[in-house]
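Take a look at the letters that make up each chain.
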Amino acid sequence: MTDTFAVTELIKDLHFSCQRDQSLLKAMELAGKRCIPVGCRGGGCGLCKVQIHSGDFDCGPMSKKHVDEEARRCGQVLACRVYPLSDLTFEYRPASELASNTQQQIQ
Ligand code: FES
């Protein structure tokens, strides 16, 4: 069993590896990729919010101000608090776009 997973950001079609004990954001930085904005790295600022499309992952504590329960159920999470358990695909969009997508999914 491997502890390193293949991660793909779908908008920019960027690929990098992420180890089980690394956050998605940290893995992106270590790979020298730029597809998620980097802020506090601690789940508080909301800058690194992404939409997960496929794959399993664990989540650390995240600010409910930036990711409420509904958003989390829709796969919207903070990349600095996401720890992959399998290969993952995700996309980064600005927070304003994610909010309107959530509204569309709820209706
Ligand atoms: S970098 Fe601030 S919440 Fe992820």
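Please read these numbers as outputs of a predicted model, since none were measured by experiment.

Take the pairing of strand β1 (residues 4–9) next. Only one face of β1 is covered, namely the face carrying F5, V7 and E9; the face carrying T4, A6 and T8 is uncovered. Pairing between β1 and strand β2 (residues 14–19): six bridges, direction antiparallel. By the bridge assignment for β2, F5 is matched with C18. One ladder, built from three bridges, connects β1 with strand β7 (residues 88–91); its direction is parallel. Within β7, the residue paired with T8 across the bridge is T89.

Further remarks concern the environment of F16. For F16, the position within the fold is in strand β2. Along the primary structure F16 and A27 are separated by eleven residues, whereas in three dimensions their C-alpha atoms are 7.4 Å apart. Those residues within four positions of F16 in sequence are excluded, and the remaining contacts are V7, A27, M28, A31 and K33.

Our next topic: the nonpolar core. Core analysis: the largest hydrophobic core is formed by 23 residues, its most contacted members being L24, I36, V50, L78 and A79. With four residues, the top contributor of residues to this core is helix α1 (residues 24–30). Apart from residues lying up to four places away in sequence, A79 is in contact with S23, L24, L25, I36, C48 and V50.

Conventions adopted
- Residues numbered from 1 in each chain as written.
- Predicted model: local features only at pLDDT ≥ 70, side-chain atom pairs only at ≥ 80, totals over all residues.
- Buried ≥ 20, exposed ≤ 12 C-beta atoms within 10 Å, placed from the backbone.
- Helix = DSSP H or I, 4+ residues; strand = E, 2+ residues; numbered from the N terminus.
- Pairing = 2+ DSSP bridges.
- Contact = placed C-beta atoms within 7 Å.
- Core = buried A, V, L, I, M, F, W, Y, C linked by C-beta atoms within 7 Å.

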